[in-house]
Amino acid sequence: MNNDELNKTASQTAEHFDEHCFVSGHTACAGCGQSLAARLVADVAGKNLMVVNATGCLEVFSTKAPETAWGIPWVHSLFENAAAVASGVEAALRVTGQIDKVRVIAQGGDGGTADIGLQALSGMLERGHDVLYVCYDNEAYMNTGIQRSGLTPLNTNTTTSPIGSNSSGNPKFKKPLLEICAAHKIPYAASASVGYPQDLQKKVKRALDTRGPKFIHVHVPCPLGWAAEPSLTLEIAKLAVACGLFPLVEYEYGKVTKVFKIGAVKPVADYIKLQGRFKHLAKNQEALSALQKVADQNIEYYGLK
Ligand SMILES: Cc1ncc(C[n+]2csc(CCOP(=O)(O)OP(=O)(O)O)c2C)c(N)n1
Ligand SMILES: [Mg+2]
């Protein structure tokens, strides 16, 4: 692209940004839950926002140079240090007297948050920075080819936890990320789902209206990594909540203050049957029961019924 073409693209993009600060034209897959959730979050935050983005799908598909889908100041950190970089951004805004005017969001995937970035996140929460950290959880390292993460569910087929004669997929339980963050006794921590957009936006607003460190864990189906129909993203997200595998809850200062009651609980079998990553469970009753037990325990622990 020459300079004239670049300037033309920039002015067209500026018009586009009047309505939203995260816009279409990026290269996310069809049905990507993460791209929809990121727009819902950015829409609540508005223009007075600075975003620090860990390496991962969202960073890659939204900022293909020389283009960007972000109409606000946006920083690409490393895979592991979004929370540390956001801490620095917040500290700079604080010492220059701008922290009341600008909100700071750090965001990353499940791998970037629950595994490699957990230390930086814990430090940010402990130090008390006025930052909202959003984890977009698609339950594997999707950008590099569907490797399991600490947030991959039990018995999921991934490229590093493949099914086989002696394997029913991922042998580990999903890490209790929300509980780990809430245990820092931060003012606000919540889980949300792209399947419930209004609930998600209410929680983001609540978090951004609260001073101090905040954390939101958002469940976002990934059609490619979950081997699911792109048109079913929202239905699958809702089923994860309805079966108890992804509870929607809120914490204040380390205590549960609200839970999203499920009503008619659906069996885990209804959730997994729409996803190729769980196809093997149709013929493996023991592995399916183990996953159902995880959901049952969530329902009991949080009183979801
Ligand atoms: C230190 C380091 N290790 C590995 C990578 C390679 N890498 C880039 S993105 C990524 C996966 C990201 O997974 P996740 O955080 O879950 O985000 P997703 O792509 O699933 O949205 C990996 C392993 C890297 N960039 N830096
Ligand atoms: Mg991921």
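Definitions and cut-offs
Residues numbered from 1 in each chain as written. Chains lettered and ligands numbered in written order. Predicted model: local features only at pLDDT ≥ 70, side-chain atom pairs only at ≥ 80, totals over all residues. Heavy atoms only, no water. Helix = DSSP H or I, 4+ residues; strand = E, 2+ residues; numbered from the N terminus. Rg over C-alpha atoms; globule rule 2.2 N^0.38 Å. Buried < 20%, exposed > 50% of the residue type's maximum accessible area, 1.4 Å probe, protein only. Contact = heavy atoms within 4.5 Å. Areas by Shrake-Rupley, 256 points an atom, 1.4 Å probe, with all protein chains shown as cover. Lys, Arg positive; Asp, Glu negative; His and termini not counted. Charge placed at Lys NZ, Arg CZ, Asp CG, Glu CD. Polar contact = N/O pair within 3.5 Å; in protein donor to acceptor, adjacent residues only side chain to side chain. Near = heavy atom within 4 Å. Nonpolar A, V, L, I, M, F, W, Y, C, P; charged D, E, K, R; others polar.

A.B. asks: I would appreciate a short explanation of the overall build of the protein in the present structure.
C.D. replies: The secondary structure content of the protein amounts to 12 helices and 10 strands. In terms of overall dimensions, the protein is globule-like: its C-alpha atoms have a radius of gyration of 19 Å, near the 19 Å expected for 305 residues. Taken over the C-alpha atoms alone, the protein extends approximately 60 × 45 × 30 Å along its principal axes. Relative to its full complement of 305 residues, the protein shows a buried share of 50%. At a minimum sequence separation of 6, the contacts of the protein that also span at least 24 residues come to 70%. Of the roughly 13700 Å² of accessible surface on the protein, 55% is carried by carbon and sulfur atoms. Between the averaged position of the 30 positive side-chain charges in the protein and that of its 28 negative side-chain charges there is a distance of 6 Å.

A.B. asks: Whenever I open this one, the side chain of glutamate 139 confuses me. Can you help?
C.D. replies: With respect to the helices, strands and loops of the structure, glutamate 139 is situated in the loop between strand E4 (132-137) and strand E5 (163-164). Given the relative accessible area of 4%, glutamate 139 is considered buried. A polar side-chain atom of glutamate 139 sits 2.7 Å from a polar atom in the side chain of lysine 174. The residues contacting glutamate 139, other than those within four sequence positions of it, are Asp110, Ser149, Leu151, Thr152, Pro153, Lys174, His219, Trp226, Tyr271 and Arg277.

A.B. asks: In this structure, what is going on with the site of ligand 1? I would like to understand it.
C.D. replies: Around ligand 1, the surrounding shell holds 17 residues, and the nearest of these are Cys57, Asp110, Gly111, Gly112 and Met142. The separation between an oxygen atom of ligand 1 and a polar main-chain atom of cysteine 57 is 2.9 Å. Calculation on ligand 1 without its partners gives an accessible area of 590 Å², and the protein chains cover 75% of this total. When grouped by side-chain class, the residues that make up the shell around ligand 1 number six nonpolar, nine polar and two charged.

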